[in-house]
Structures are given as structure tokens and as C-alpha cells.
Amino acid sequence: MKPLANKTLFWECAVIFIACVIVYQANHNPQGAGDSVANSLLAYQWLFNHQLNFDAFRGNYFYRQSAYFFVETLNGHLTSFYPIGVAIVTFPIYCLFAIVLWLGNIWDSNLLGVVIPIDITDQNFELVRVTSEKLAATLATSLSVVLFYLAANLKFDKLTSLTIAFIYAFATFSWTIGSQALWQHTATNLMLTAMLLGLLKANRTDGRSRQLLLLGVGVFLGFLFGIRPVNLVFNVAAIVYVALTYRVEVVLLLVGMSTALLTVAWNAYYFGIGNALTGGYLYQVGLHLFTLKQFMQGFLGLTVSPSRGTFVFAPIMAYAFPAMVQVFRLRANRDEKLLLSLTLSSLVLFASYCFFAIWWAGAGYGPRFMTEILTVPCFLIGYPVSAAVQSFLNGAKRSLLYIIPFGTVLVLSTAVQLFGAFGGNNWDVVPIYADLRISSTSASRFWDFADSPIARNAKSIFFKVLPPAVKSPAYAANLNGAIDQVQDLQGQLVRKLSGMPGEIIPLRVTLRNLGTAHWLGYESVTEVGSVRVRTRLYDGDQLVNESRLPVSQRVCHTPLIARSHCWALGSLQLPRTFGTYRLVLDLIAEGVKEIQLSAIVLPVVVSADSVQFSQHFFNVQAPAQMRVRESAPFIAAVGNPNSFPWLSRDTPNPVTFASRWFNADGSLLKEEVRQHVFYDVVPTGGMIFRGTLTAPDRPGNYQVRLTMVQEGVTWFDDRGAIPKEIPIRVTAQ
């Protein structure tokens, strides 16, 4: 029977894997993110260009926006800001992709009679990158579902195993986050699930088989740390568990964890021996705030907020709590001891994210940070499900009192994930980019129950199935409205706009619906027919820029009320060049009708006259002592605490980084380094600069001053910004 059972299990796993791949790919929407760019390119870079750095990507199309995922290092290379563990784990998948690309390239070259190079730095490769990234994420997540199912089969009955595998695959963020892009959470889930399977299997074997399993689990743990340093909590939990359970065999686990040395070596080479564990995260300072207020914000946000709440997006996860109590009671058993250690590690990781200033984890559908602990609570849910299944099979009708509400919550959780997979998830950027936190209004969006990501995506699906009749002549004829006034987010009337080049100005425009047609706002996630405020910036008679401020339909959906009011909320980016401009605002129904033309005209002044410049230097590494005429490298990370971006070299007045030597009496000796920012550094963003200092030809005590410069405008330290002063003693020998 055993061979037959193994064959049956194989086909079950094959069906689960294929089903996951089909469902995860069904939305046909690559959702790559900046965080994952480097890990989605590293394998291609090595296979096609035989390089383990990103030097060839300097200045390419990524830099037109913000290439924050790349970082210049002290040894002169461009590398990944984020850990490379994801690229290591998914390397076998990318080898398959590379073979397909090679074969396709050979075919095309033969057809055309010329050799066509594969240039992964070119923008034409971007579609290949994001498509293969999503497919890699899909394959990795589908494999983790199979491993999860195999682990569940070791502990629970078949029906329970299928149920919790379904929960893990489709009722939680594995679907909407893990399978859609190569986030670090995607690879974390794969390695954590593999580790759980290996340790559960080790609990059921002995001798050489168990030793090999422990060695393999160590390999997964080493990769787990390389994916994300905070995953170290799971490493500690596994080491403690194996040491208490198998004593000296913990050595095998530690030997397997040597796979972490791949990431450690990478970090040491690019970021220095002292930063071998942290890597690029060395420069991510000030984001953890260890205060009760921050903890409560993160705790409530990650649990019950309408934008990121775990129990809002996956209410099925609440069933893990009674299982925790049961696991604690059975902690004398090996399996429960393992699950208890992993549960405690997950809670520690959750608490660390509560102290994280950006607890919402940037753009995403649901609590992205919680994705990487899914394996543990989903497995725990198996305990109450198994008890209910056994009770039902034994004829206990009262088990229905558990099964019916459980099934209802499961359907609800799955529906929420379906909305996220197939809806138009633009909540994080419309009407105001949530990460900017430019006001209490933008921050409060995380607690907006009326316009949550779930509601927005559900409406998007509804309008895809039943599109509104916005192209009918009657709809256009009944559209009428007016712009009353323009305000800032504090409600103050705006008569003139002013700021620095590229600065983002949030605006609130009050409108009136004077017609009888229903206005479609940004909540409906539709394009054609959506009412918006059109903004056009003019330099004289020349159009500089055109954009839209999305309109909310919360009041405008009541057209029978005469002169009903509503508003448009959004951000206007000022021109990238100093000067005086003219802003024209009017009201349109996108692709249907221009409702009101040239409604409001405002002057716009882009100037640095009254600007207070700021800069924040941290993690500066420079020599304290040098010999005369000696050259030595330095590195400096600098943050942008201003309200305006630091624009790159493609503007008339770019922001640059500079270093100057000063004598002991404060007189200027020489200016040495002047470097452009490589991409636009947004407010709260930062950049790392490296360079070489050359000591003067006379011994003495000197000061090297680091500061930013707005070319053609001012030195930041001349306008109130605090520079970084580095005392250096220059000796004769």
C-alpha cells in the first residue's frame, strides 16, 4: 500500500501545484515593485553578462524615476540595496527562463540572419523582467503550497490538510502578494515552509535519515537569513528547538546554515566586513521608533485597520488563536514544541513591525509584512479544523455550530483575496500617494473604512462586469458642474502656488454637481467617464505639464440634490525648472465631455528665495588620519528631510554632493568632490555617495565638510542646513 499511497500523494501535489499556478497567473497583471528589481535581474545579469554587480545599469531607464533599489558602494560598484537571498533561492527558476530566452534569441537571429544581443539593461527588456518576475513568484509560491500540504499530511487527516492548504494558498496573502512579485516575503514563505516540513519529517525518522533532514533544514535556514535579516528569529527558534530535542545533532543544523555565508560574503564585499550581516540596511536608520505610541499605531494598523489589518483582509487567521492555546498545552510533544517555538518567533517578528515607522510596508494589497509568517498561523488552524472534522465524522451535530461560521469566514477571506487579485489596486496612489505622509489627511487614509482597498477593488470588479453607460448621449448631456475654489489640505484658500522644482503640492478642490448625471469618482476605479479636475501648467503659452486630480463620488452620487458639493483631492508636481508659470484648472469627464473650461487660473512661482534647506548625514565612513598627499576612500549616506525632491543631472539646477577641505583657522583650502545625485531623491528618501579624499601636501589638522549643493542656487550649509564635519589629522609619515 505504501507505493500506492506515495503515488496518490504525488498526484495530489501535482494537481495542487498546477491549480495554484493557473489561479495565480489568471489576472494577467505583472505587479513588480522597485523593491524586487535587483533580485529579478541578478540571475539574468550573471547568466547573460557574467557579472555579479549592476554597474552596467548606471543611468539606464530606472533612473528616470528613482533607482533607490541600487546603491553605490565603497569598492566602486553598483549593487543591490536589498539582500540577495531571493535571487539565490529563485536562481534555478531563472536558469529555466534564461534557457527559454536563449533558444528564442537563437531562433530570431536565424530568421533575421543577424545576431540579436540580449540587452537586459535596455527598456525593451522591462516586459520580460516583470513577466518572468511574476512567473517566478508564482512558481515559488505554488511550490510552498505543495510543501505546506506535505507538512500538513504529516500531522492531520486528508480533509484537514486540504482545507488549511487552501487557506494558505487562496484565503491569505499568498495569492495577492506572495505569488504576484518577488517580494522578500515570497522567498521567506518558501524557505519557512520547507523548514517546517523538514523538522516535522525529522520528528518521524531517526538515524541517518534524520541527520540528512537536519542538514537540509539548516540549508533552508541559511537562505532564510539571506532573504531578510529579521528572519533570524526563525533561525534562533529552530536552533533552540533542535538543541533541546536532538542535542548534539544540532551541529548538523549549524553546518547546513553555512548557506548564509553566500549573503554574508556578498555584504562584506560590497558594504565592508563590519556590515556583513546588515548589508544595505546599514543605511536604513531612524525607521524603528521604540515608543508606546508607535507600537500602538503599528499594532492596530497591522491587525484591524481597513487598509492593512490582518483580520480585515484575512479574518480566517483569527482561528489560529485557539490553536495556540492547544499547542501550549501539548508542548511536551515534539511537534507542538516545534510549533510553539515558531509561534513565539512569529509574535516577536510581528512586534518588531509594530515598532516600524512604515508599518504599512509601502504599496501593496493588505499587510505585506504579515505575509512572511503565514506558514505558522495557517498550520495552527489545522488543530481546530481537525477537531471539527473528527467530531462531524463521529456524528456530532453540534460540530455544525463550528463548521458553518468557519466556512463563512473562509469564503469571506477568499473573496477578499479575489478582489485583490482581479481588482484595480490603485488605492495606494489615488488620490494621494499613501507613503508620502504629507499631512494628517494622507495618513488618515489608512483608517478610511468607506474607501478601503477592499472596497475599491470590489467596485473595480463590479464595473468591469457591469460597466456604466457613460458613453451614451444622455449621460454626456446631463453632465454639468463647476469648480468653486482651491484649498490646501488644511482648508486654507489657495490663491498662488509656490515651491521648489519638482516639489509635490497637495490640493483640495471644491466642486458642485449642477447636472442630473451620477458622477463617477476615483472610488469606482474606472477610466472612461470618471470625473476629474484637469490641471495644465503653462510657461507663457507653452504647455509644460498636464495631470489630473481625481474626484470623489461620495456626495456627487446624489445628483437630485441641487448644487450638491463634492471635492477633488490630489497632488500637483511643480515644474523642474525655476520660473513663473500659470496653472489652469477645469472639469472634465474622462473621454466623454469637457464639463467646464478654464474654470480657475492660478499663478505658480518656482523659486528658492524663502526655502529653508535641510540635509541629514548618517553612517559616514572616512579616515581620521592620513599622510600628506595620501588618497583614501570615503562613503556617506545622506537623507532628504525637505519637502521637495533633490533633482538629478537632467535639470538646469541639479542637486549635487560636495566635499571641501578647510584649514584649522576655518579658511577654505580646496574643493575636492562634486557628484550629481543619480536619480531624483524624494522627501524622506536618501542616497549613498562614495569618493576619494586626497590629503593636503602639508601636515596639520584639517576639517572636511560634506554638504549638498543646488547648482546655480546655493550651498545647503549656507542656507541653514547642518553639514557633516570630519576632522582629519594629516601627518608627514
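Heads up: these notes are all about the structure in this document. Because the structure is predicted, anything quoted here is derived from the model rather than measured. (Residues numbered from 1 in each chain as written. Predicted model: local features only at pLDDT ≥ 70, side-chain atom pairs only at ≥ 80, totals over all residues. Heavy atoms only, no water.)

Quick look at the sheet that holds strand E7 (residues 542-550)
Argument step 1. Taken in spatial order, the five strands line up as E4-E10-E9-E6-E7 in an open sheet, and their pairing is mixed. Strands with a single pairing partner mark the edges of an open sheet, and in this sheet they are strand E4 (497-499) and E7. Taking each pair of neighbouring strands and ignoring which way they run, the sheet shows an average axis angle of 25°.
Argument step 2. Inspection of the sheet shows E4 paired to strand E10 (residues 593-606) by three bridges, in the parallel sense. For Gly-499, the partnering residue across the bridge sits in E10 and is Val-606. (Pairing = 2+ DSSP bridges. Helix = DSSP H or I, 4+ residues; strand = E, 2+ residues; numbered from the N terminus. Axes fitted to C-alpha atoms, helices over the stretch in contact; angles between N-to-C directions.)

Some points on helix H13 (residues 292-304)
Argument step 1. For H13, with 13 residues, the first-to-last C-alpha span of 18 Å sits near the 18 Å given by 1.5 Å per residue.
Argument step 2. Of all the positions in H13, only Gln-294, Gly-298, Gly-301, Leu-302 and Thr-303 are classed as buried.
Argument step 3. Among the structural elements, helix H14 (310-313) and helix H16 (334-354) are those in contact with the buried residues of H13. (Expected span 1.5 Å × (residues − 1). Buried < 20%, exposed > 50% of the residue type's maximum accessible area, 1.4 Å probe, protein only. Contact = heavy atoms within 4.5 Å.)

What about the pairing of strand E9 (residues 579-589)?
Argument step 1. Judged by how many residues are buried, E9 sits mostly within the fold: eight of 11 residues are covered.
Argument step 2. Note that E9 and E10 share 10 bridges and pair antiparallel. Pairing of Leu-585 across the sheet is with Ile-600, part of E10.

Regarding the sheet that holds strand E16 (residues 686-694)
Across a sheet, strands are paired by hydrogen bonds formed along the backbone, either parallel or antiparallel in direction.
Argument step 1. With antiparallel pairing, the three strands of this open sheet are ordered in space as E11-E13-E16. The strands lining the two open edges of the sheet, one partner per strand, are strand E11 (616-621) and E16. Taking each pair of neighbouring strands and ignoring which way they run, the sheet shows an average axis angle of 25°.
Argument step 2. In the sheet, E11 pairs with strand E13 (residues 631-639) via four bridges, with the strands oriented antiparallel. Opposite His-616, over in E13, you have Gly-639 as the bridge partner.

Some details on the nonpolar core
What tends to happen in soluble globular proteins is that the nonpolar side chains get buried as a cluster.
Argument step 1. One finds Phe-62, Phe-70 and Ile-316 to be the most contacted residues of the largest nonpolar core, which totals 168 residues.
Argument step 2. Here this core gets 11 residues from one element, more than from any other, and that element is helix H8 (residues 184-202).
Argument step 3. Excluding anything up to four places from it in sequence, Phe-70 contacts Val-37, Ala-38, Phe-54, Phe-57, Phe-62, Tyr-63, Leu-78, Thr-79, Phe-81 and Tyr-679. (Core = buried A, V, L, I, M, F, W, Y, C linked by side-chain atoms within 4.5 Å.)

Observations concerning the pairing of strand E6 (residues 531-539)
Argument step 1. In terms of burial, E6 is a largely internal element, eight of the nine residues being buried.
Argument step 2. The pairing of E6 with E9 spans eight bridges and is classified as antiparallel. Considered in E9, the bridge of Arg-534 is made with Asp-586.

Focus: the state of the cysteines
The bond known as a disulfide is covalent and runs between the sulfur atoms of two cysteines.
Argument step 1. Taken as a whole and assessed by the stated rule, the structure comprises zero disulfides.
Argument step 2. The thiol of Cys-378 is not disulfide-bonded; the next cysteine sulfur, from Cys-20, is found 12 Å away. (Disulfide = S-S within 2.5 Å.)

Here we look at the pattern of salt bridges
Argument step 1. Taken as a whole and judged by the stated rule, the model has 28 salt bridges.
Argument step 2. Put simply, Arg-512 and Asp-484 hold a salt bridge, and the shortest N to O gap is 2.7 Å. With Arg-512 in strand E5 (residues 504-513) and Asp-484 in strand E3 (residues 481-487), this residue pair connects regions lying 28 residues apart in the sequence.
Argument step 3. Its relative accessible area of 13% is what places Arg-512 among the buried residues. (Salt bridge = Lys/Arg side-chain N within 4 Å of Asp/Glu carboxyl O.)

What to know about a nonpolar patch on the surface
Argument step 1. Together, Leu-292, Met-296, Phe-299, Leu-300, Val-304, Trp-447 and Phe-449 give the surface a local cluster of nonpolar side chains, amounting to about 660 Å² of exposed area.
Argument step 2. Checked against the element boundaries, Phe-299 lands in helix H13.
Argument step 3. Look at Phe-299 and you get partly exposed, because its relative accessible area is 32%. (Patch = residues over 30% accessible without salt bridge, like charges linked within 9 Å, V, L, I, M, F, W, Y side chains within 5 Å. Areas by Shrake-Rupley, 256 points an atom, 1.4 Å probe, with all protein chains shown as cover.)

Some words on the packing of aromatic side chains
Argument step 1. Tallying each qualifying case throughout the model produces 56 aromatic pairs.
Argument step 2. Ring geometry for Phe-81 against Tyr-281: centres 6.0 Å apart, planes inclined by 90°, an arrangement best described as edge-to-face. Of the two residues, Phe-81 is situated in the loop between strand E2 (78-80) and helix H3 (85-89) and Tyr-281 in the loop between helix H12 (260-271) and H13; the sequence distance between them amounts to 200 residues. Take Phe-81 and Tyr-281: they sit in the same class, and that class is buried.
Argument step 3. Relative to Phe-446, the ring of Trp-427 lies with its centre 5.9 Å away and its plane at 55°, an arrangement referred to as tilted. Here the residue Trp-427 occupies a position in the loop between helix H19 (400-422) and helix H20 (440-444), and Phe-446 occupies one in the loop between H20 and helix H21 (453-465), the gap between them amounting to 19 residues. A single burial state applies to Trp-427 and to Phe-446, both of which are buried. (Phe/Tyr/Trp six-rings, centres within 6.5 Å; stacked < 30°, edge-to-face > 60°.)

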